[in-house]
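Observations on chain architecture
So you can see what is in the structure, the chains are spelled out below.
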Amino acid sequence: MEERYDPPKIEAEWQAEWARTDLYRTGDDPARPKFYLLEMFPYPSGAGLSVGHLHNYVPCDVIGRFKRMKGFNVLHPMGWDAFGLPAENEAILKGSHPTETVPRYAANFKRQLTISGCAYDWSREINSSEPEYYKWTQWFFLLLYKRRLAYRATGAQWWCEKCGTILANEQVINGCCWRHTDTPVGKKDLEQWYIKITDYADRLLADLDHIDWPEPIKLMQRNWIGRSEGAELGFPITGHPGKEVRFFTTRPDTVFGVSFMVLAPEHPLVAKITTPEQRAAVDAYASDARHQSEIERMSTAKEKTGVFTGAYAHNVFTDKDIPIWIADYVLMSYGTGAIMGAPGQDQRDYEFAKKYGLEIPRVTAPADRSAPPVDRAFTEPGIAINSGFLNGMPTAEAIKTVAKYSQDHEIGRAAVSYRMRDWGISRQRYWGCPIPMVYCKNECGVVPVPEDQLPVKLPPMKEYLPSGTGRSPLANVPEFVNTTCPKCGGPAERETDTLDGFACSSWYFLRFADPHNDREPFARSAADYWLPVDLYVGGAEHAVMHLLYARMWTKVMFDARMISFNEPFPMLRNQGQVWAADGRRMSKSKGNVVTPDTMIEKYGADALRLWELFMSPFDEATNWNESGIPGTLRFITRVWAMIRRYVEAGSPQGTPSEETLKQTHKTIEKVTDHIERLRFNTALAALMDHLNYVTRLTPADMGRFVAESFVVMLAPMAPHVSEEFWRALGHRTSVHLEPWPSFDPKLVRDEMVTVVVQINGKVRDRLQVPVGADESDVRELALKSEAVIRHLAGKTPTKFIFVKDKMLSIVA
RNA sequence: GCCGGGGUGGCGAAAUGGCAGACGCAGAGGACUUAAAAUCCUCUGGAGCGCAAGUUCCGUGCGGGUUCGAGUCCCGCCCCCGGCACCA
């Protein structure tokens, strides 16, 4: 064993050795329980990994190594989410081409993970932009199509000028593009492919109850899905026989208070019912609404505006004609694009009615008979008043009664509405998975590409920039576009849009189970063995995109009997975000990125890893701060000195004292428990504590068990230097193949314990008593204590509270 | 506006309602050294009292409360971070 710790030499050597012996190939031992550990599919950016990314990868690496030592058959794979807007945008920015940048960036990520000592089974590496992979992404699209979950429709869609493409609802952040947060999105009418995720809304919601995810993430999904119960009703339009305004409401109990109707400006009825006198004003308003940016339109601070159409609907409950307005606070994309105006019970309707002088009937009274507010709507549940047959009913009962009544009288029915919309999946961009559909020029219409003709390969294109016209650049490649109809053999054109990148990551976790299968996306047996993922780790930013899509596709596969589980990720954990030292996001443009490369060069990979673990709790956000790495480096050199001293003394079997054994077993217990609970910072603190104890011992007093268990516990966290220690201790095999040490529960238990004595809530003395000492013994001891006597100052105790092995509280 | 998460020494942070500040960084003093670096040892929340061993009071964003006992539970605020934002 060398005198000095030399990280570059050790780390290069062991990384080569691990590669040579293929140490991290996934086990193939069905007798062992399996453990599938997965980090969210990374997009390999040109900036490479930062120390922030390692705050996810290093802890996961520790878990993977730990689980192997605990006897699990571990699947811990890695691959690249390489298709999609981020990759293409970056290639454009660099004046390059994604076919050039993607493999280069992915290789760099792989290199960085390797020099950081992260153990992946690279034989299972996948890349979503390669035909071997995206063939199956296309296959899944066809599966969705076959199951009537992929459909084509025209509609106003989010459009980012900078991306030159449509975005999904989830990809619009504060009215701006998720890739260009300074660029407000607009709307564009395009014919698009949609995935019918709303069909799964109820299951996506209900199954959240059965998965072990952080509560805030579940809540975000619940809010995103936004299920509301109510009724869908229709009021006839006066003077237009057969036409009605259909609307959704969560408060059908307030129908007697409906004094007007509001349609979204884009509502198809608007053109049909607007009277000639009102047409000019209505058209002007509608056109204005269309040209507003989404930020302006969505602003809740804005005063409500609208225009009267001149038409009336008939409120069948009050038997009155009520005016139909249009207003931009009503959204075409939610419910039916129309609402009933119940200004007495809805604050938005109240503001609208106030502004335009519409009648404000009050139809709900506070249940406690207090006076209803006069200057705003009363939105809480209460008792129905001025409401015909509903009078006197509590809100909940009135809601049911109206639903029943409406059904019986063919006005409408109870209904559920979701905030979540279908997933617009078409992208008018080059770098994505081609949508395997063909448009026949004869009579066949839309025809799916037969499975045996997959993949539809992305054609090579030098000039691949988005056109911005609403058509993908692929439309400019005649060899790609022109094809024959698979059905009739006649002339046909291919779909030229590509799939949203989130399609690729909606099933990749299954591909890792069987990554090289060229006959099917994965073998059933492989999925049955490895899936679902036992621990899924990633950032909270994917709460409503990737995690919803992946859950939906999993349910589709379940319904198609391809897999036997309903949820892909029964256990999810979020790592904490690491901000730059200045508290901002790490980014190249801000010049505040710290890379693992520079840290490894300075301190070595093991010291960096320990600092990533020790710096802050795994799931809490923190600012990057380099100043602690000298500490973890010092810890390693102290272990080095400790092991070296032991080895130089001839590695004695030794005769550790009972105290030393106790201390060691307690440490094993703590480190094991903390790693299992993902508390890496306190796991390492326990090892540091242990080192402080152990360094005071002579080699003979320490002994082999203490030395070896120390190294084995350190191995998942500092894998390189631990190999070096293990070899110095005389072993020929890798420390990473060792079983995790176990502790003896008998040795972990203490015989003596400190019991605190409090007087009137303040700690006044500490007593050493045998474990399990009962109250009378402790009381007797305490009352003899000098400190207790002094603080009682002659007063007589009136009450004792005793917590065994913890505390005696005296009230005087 | 609504919904989450958070606020503890100079810093990163520990703490099933029961000894606040483990572990580490930084700092101070000492040992080794011609010297420095490295390493090792000691001290290190604040304010008092004591020559000292010690000992007292205060202290977990602010203000209340429950409790023998609150960083932890409850009520009302302030600040920071994240999500949603006219969803009828």
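This is a predicted model, so every value here is computed, not measured.

Brief notes about the overall build of chain A
Helix and strand counts for chain A come out as 26 helices and 34 strands. Per-residue burial for chain A yields a buried fraction of 54% across its 812 residues. Within chain A, contacts between residues at least 6 apart in sequence are counted, and of these 73% link residues at least 24 apart. The distance from the centre of the 96 positive side-chain charges to the centre of the 102 negative ones in chain A is 1 Å.

Description of helix α5 (residues 131-146)
If you check α5, its first and last C-alpha atoms are 22 Å apart, about what 16 residues at 1.5 Å a residue would give, namely 22 Å. Among all positions of α5, only Tyr133, Tyr134, Trp136, Thr137, Gln138, Trp139, Phe140, Phe141, Leu142, Leu143 and Leu144 are buried. Two residues or fewer after α5 comes Arg148, characterised by a positive phi angle close to 60 degrees.

Regarding the packing of helix α17 (residues 596-603) against helix α18 (residues 605-614)
Direction vectors running N to C along α17 and α18 enclose 115 degrees, while the axes themselves pass 7 Å from each other. Listed contacts from α18 to Pro596, Met599, Ile600 and Tyr603 of α17 are Ala605, Ala607 and Leu608.

Looking at empty space enclosed by the protein
Overall, the coordinates contain three cavities of 30 Å³ or more when judged by the stated rule. Reported here for the largest cavity is a volume of approximately 90 Å³. Surrounding the largest cavity, Tyr24, Asp61, Gly64, Arg65, Arg68, Val74, His76, Ala119, Tyr120 and Asp121 form its lining. Sort the elements by how many residues they give to the lining of the largest cavity and helix α2 (residues 51-69) lands first, with four residues. Among the residues forming the lining of the largest cavity, the class breakdown is four nonpolar, two polar and four charged.

A word on the pattern of salt bridges
For the structure on display, the rule yields 48 salt bridges. A salt bridge links Asp61 to Arg65, with the shortest nitrogen-to-oxygen separation between them at 2.8 Å. Residue Asp61 and its partner Arg65 are both found in helix α2; the two are separated by four residues, about one turn of the helix. Each member of the pair Asp61 and Arg65 is classed as buried. Two residues, Glu648 and Arg644, come together in a salt bridge whose shortest N-O distance is 4.0 Å. Residue Glu648 and its partner Arg644 are both found in helix α19 (residues 629-648); the two are separated by four residues, about one turn of the helix. Note on Arg644: relative accessible area 22%, which makes it partly exposed. Within the structure, one salt-bridge network assembled from shared partners comprises Lys9, Glu13, Glu724 and Arg727.

Brief notes about the nonpolar core
In terms of nonpolar packing, the biggest core is built from 180 residues, with Phe509, Trp624 and Phe635 touching the most fellow members. Val255, Ala264, Ala311 and Tyr329 belong to the second-largest nonpolar core, a separate cluster that totals 44 residues.

Quick look at the sheet that holds strand β18 (residues 412-418)
Ordered by their spatial adjacency, three strands build an open sheet running β11-β10-β18, and the pairing between neighbours is antiparallel. Two strands in the sheet have a free side with no partner beyond their single neighbour: β11 (244-249) and β18. Adjacent strand axes in the sheet meet at a mean angle of 30 degrees, parallel and antiparallel pairs treated alike. Bridge count for strand β10 (residues 227-236) against β11 is six bridges, and the pairing is antiparallel. Looking at β11, one finds that Ala231 is bridged to Thr249. In the packing of helix α12 (residues 395-408) onto the sheet, contacts are made with β10 and β18, and the angle to β18 comes to roughly 120 degrees.

Things to note about helix α1 (residues 7-21)
Residues three or four positions apart in an α-helix share a direction because the helix packs 3.6 residues into each turn. Taking 1.5 Å per residue as the helical rise, α1 with its 15 residues ought to reach 21 Å, and the 21 Å between its terminal C-alpha atoms agrees with that figure. Pro7, Ile10, Glu11, Trp14, Gln15 and Trp18 are the residues of α1 that are buried. Buried residues of α1, seen end-on, are gathered within an arc of 120 degrees and therefore sit on one face of the element. In α1, the exposed positions that point more than 90 degrees away from the buried face belong to Pro8, Ala19 and Arg20. Where the residues of α1 are buried, they touch α2, α4 (98-115), α17, α18, α19 and α23 (719-728). Asp22 sits one or two residues past α1 and shows a positive phi near 55 degrees.

Side note on the protein's contact with RNA strand B
Every one of the 56 residues lining RNA strand B counts as a neighbour, but Ser228, Thr250, Arg348, Met615 and Arg634 are closest to it. In the model, a phosphate oxygen of RNA strand B is placed 2.4 Å from a nitrogen or oxygen of the Ser228 side chain. One nitrogen or oxygen atom from the side chain of Arg766 is found 2.6 Å from a base oxygen belonging to RNA strand B. In terms of residue count, the dominant contributor to the surface near RNA strand B is helix α21 (residues 680-694) (six residues). In terms of residue class, the surface near RNA strand B is built from 22 nonpolar, 17 polar and 17 charged.

Some points on the side chain of Arg65
Overall, the relative accessible area of 2% leaves Arg65 in the buried class. Here His736 takes part through its side chain, which lies 3.3 Å from a polar atom of the side chain of Arg65. In contact with Arg65, other than residues within four places in its own chain, are Trp18, Tyr24, Gly117, Ala119, Arg609, Ala715, Pro716, Pro719 and His736.

Notes on the environment of Val449
Of note, Val449 is situated in the loop between β23 (446-448) and α13 (478-481). A residue is classified by how much of its surface remains accessible, and Val449, at 3% relative accessible area, is buried. Considering only alpha carbons, one finds Val449 and Cys163, 286 residues apart in sequence, at a separation of 28 Å. Ignoring anything within four residues of it in the chain, the contact list for Val449 reads Leu142, Pro436, Met437, Val438, Leu454, Val456 and Arg494.

About the criteria used
- Sequence order sets the numbering: in each chain, residues are counted from 1 along the sequence as written.
- In the order they appear in the text, chains get letters beginning with A and ligands get numbers beginning with 1.
- In keeping with the predicted nature of the model, local features appear solely for residues at pLDDT of at least 70, side-chain atom pairs appear and are counted solely at 80 or more, and the whole-chain, interface and lining totals rest on all residues.
- Calculation of side-chain values draws on the structure's entire complement of heavy atoms; hydrogens and water are dropped beforehand.
- Secondary structure elements are taken from DSSP: a helix is a run of H or I of four residues or more, a strand is a run of E of two residues or more, and numbering for both begins at the N terminus.
- Relative accessibility under 20% of the residue-type maximum defines a buried residue, over 50% an exposed one, and the middle range a partly exposed one, all with a 1.4 Å probe and only protein chains included.
- Contacts are assigned to residue pairs that have any heavy atoms within 4.5 Å of one another.
- Residues counted as positive are Lys and Arg, residues counted as negative are Asp and Glu, and His and the chain ends are not counted.
- Charge positions come from single atoms, namely NZ of Lys, CZ of Arg, CG of Asp or CD of Glu.
- By definition here, a helix of n residues has an expected span of 1.5 Å times n minus one.
- All axes here are fitted lines through C-alpha atoms, helices being fitted over the stretch that makes contact, and every angle between N-to-C directions spans 0 to 180 degrees.
- In this analysis, the protein atoms alone were mapped onto a 1 Å grid. Cavities are point sets where a 1.4 Å probe fits without being able to get out; pockets are open sets with protein on both sides within 12 Å along at least five of seven lines; lining residues have an atom within 4 Å of a point.
- Grid points are joined across faces, edges and corners, and a volume is the space filled by probe spheres set on the points.
- Just so you know the grouping, Ala, Val, Leu, Ile, Met, Phe, Trp, Tyr, Cys and Pro go in nonpolar, Asp, Glu, Lys and Arg go in charged, and all remaining residues, Gly too, go in polar.
- The term salt bridge refers to a side-chain nitrogen of Lys or Arg lying within 4 Å of a carboxyl oxygen of Asp or Glu.
- The definition of a nonpolar core used throughout is a set of buried Ala, Val, Leu, Ile, Met, Phe, Trp, Tyr and Cys residues joined through side-chain atoms within 4.5 Å.
- The pairing criterion is simple: DSSP has to find at least two bridges between the two strands.
- Our arc is simply the arc of the directions from the helix axis toward the C-beta atoms.
- Any residue with at least one heavy atom within 4 Å of a molecule or strand is counted as near it.
- Any pair of nitrogen or oxygen atoms within 3.5 Å is treated as a polar contact; in protein, a donor-acceptor pairing is required on top of that, and neighbouring residues in sequence qualify only through side-chain atoms on both sides.

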